[in-house]
Amino acid sequence: METEKVVPEAEELPKTIVRRVVKDKLHNCSPDTDISVHKDALLAFCESARIFIHYLSATANDICKESKRQTINAEDVLKAIEEIDFTEFVDPLRDSLDGQLTFRNWIFIFCCNFPAFYFKRRNA
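A few points on the structure. Owing to the predicted nature of the structure, the values given are computational and were not obtained by experimental measurement.

**Describing the overall build of the chain**
So, step 1. Looking only at helices and strands, the chain has five helices and zero strands in total.
So, step 2. A burial count over the chain gives 26% of its 124 residues as buried.
So, step 3. Considering only intrachain contacts with a sequence separation of at least 6, the fraction spanning at least 24 residues in the chain is 53%.

Laid out in structure tokens, this is it:
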């Protein structure tokens, strides 16, 4: 019997946005071909991104608690990114923050670039 994992609706990432991000990144990697994303692959991307966000959030929360604070700030997230070995993102994200992007846009930039970095890192 196959069990289906149930994710609360509040934790689901919008599939249309995830599809757009993935297709844009795949198009950048291979501009001459039109790459489609199978439904199962889209679900895998959504679930992977959700898990990554949970992991990053938990790590940033631990850093925040170590500082005896109750509010996670951008610096906690940057330290968490370093702690989970994604140091390549710290400087571009810090530059984005210095450019006064909103935190939401900053996270969007990170998530948009994560799939390309993952594929690059995995194929290296």
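Okay, back to it.
**Some thoughts on the packing of aromatic side chains**
So, step 1. The tally for this structure, following the rule as stated, stands at two aromatic pairs.
So, step 2. Between the aromatic rings of Phe 52 and Phe 86, the centroid separation amounts to 5.5 Å while the plane-to-plane angle is 80°, which identifies the pairing as edge-to-face. With a gap of 34 residues between them, Phe 52 in helix H2 (residues 39–66) and Phe 86 in the loop between helix H3 (74–83) and helix H4 (90–98) connect regions that are remote in the sequence.
So, step 3. Ring geometry for Phe 86 against Phe 89: centres 6.3 Å apart, planes inclined by 35°, an arrangement best described as tilted. Assigned by exposure class, Phe 86 and Phe 89 land together as buried.

**Regarding the nonpolar core**
So, step 1. If you look at the biggest cluster of nonpolar residues, it comprises 13 residues, and the most contacted ones within it are Leu 56, Ile 81 and Phe 86.
So, step 2. Val 18, Val 22, Leu 42 and Cys 46 belong to the second largest nonpolar core, which has five residues in total.

**Remarks on unusual backbone geometry**
So, step 1. At Lys 68, a position not held by glycine, the phi torsion is positive, near 60°.
So, step 2. Positive phi outside glycine occurs at Asp 85, with the angle close to 70°.
So, step 3. Within the secondary structure, Asp 85 is located in the loop between H3 and H4.

**Quick look at the environment of Cys 46**
So, step 1. As for its position among the elements, Cys 46 is in helix H2.
So, step 2. On the basis of relative accessible area, Cys 46 is assigned to the buried category, the value being 8%.
So, step 3. C-alpha of Cys 46 to C-alpha of Glu 12: the two residues are 34 residues apart in sequence and 7.6 Å apart in space.
So, step 4. Contact partners of Cys 46, with chain neighbours within four places excluded, come to Leu 13, Lys 15 and Val 18.

**Digging into the packing of H2 against H3**
Packed helices, taken two at a time, are described by the angle between their axes plus the distance between the axes.
So, step 1. The N-to-C vectors of H2 and H3 enclose an angle of 115°; their axes lie 8 Å apart at closest approach. Where H2 crosses over H3, the handedness of that crossing is right-handed. Contacts from Leu 56, Thr 59, Ala 60, Ile 63 and Cys 64 of H2 reach H3 at Asp 76, Val 77, Lys 79, Ala 80, Ile 81 and Glu 83.
So, step 2. Of the residues assigned to the contact of H2 with H3, the class counts are seven nonpolar, one polar and three charged.

**Description of the packing of H3 against H4**
So, step 1. Taken N-terminus to C-terminus, the directions of H3 and H4 make an angle of 170°; their axes are 10 Å apart at the nearest point. Taken together, H3 and H4 sit at an angle that is classed as roughly antiparallel. The two elements H3 and H4 meet at a crossing, and its hand is right-handed. The residues of H4 that touch H3, namely those facing Ala 74, Glu 75, Leu 78, Ile 81 and Glu 82, are Val 90, Leu 93, Arg 94 and Leu 97.

The rules behind each value
- Residues numbered from 1 in each chain as written.
- Predicted model: local features only at pLDDT ≥ 70, side-chain atom pairs only at ≥ 80, totals over all residues.
- Heavy atoms only, no water.
- Helix = DSSP H or I, 4+ residues; strand = E, 2+ residues; numbered from the N terminus.
- Buried < 20%, exposed > 50% of the residue type's maximum accessible area, 1.4 Å probe, protein only.
- Contact = heavy atoms within 4.5 Å.
- Phe/Tyr/Trp six-rings, centres within 6.5 Å; stacked < 30°, edge-to-face > 60°.
- Core = buried A, V, L, I, M, F, W, Y, C linked by side-chain atoms within 4.5 Å.
- Axes fitted to C-alpha atoms, helices over the stretch in contact; angles between N-to-C directions.
- Left-handed = near helix turned anticlockwise from the far one by under 90°.
- Nonpolar A, V, L, I, M, F, W, Y, C, P; charged D, E, K, R; others polar.
- Parallel < 35°, antiparallel > 145°, perpendicular 65-115°, else oblique.

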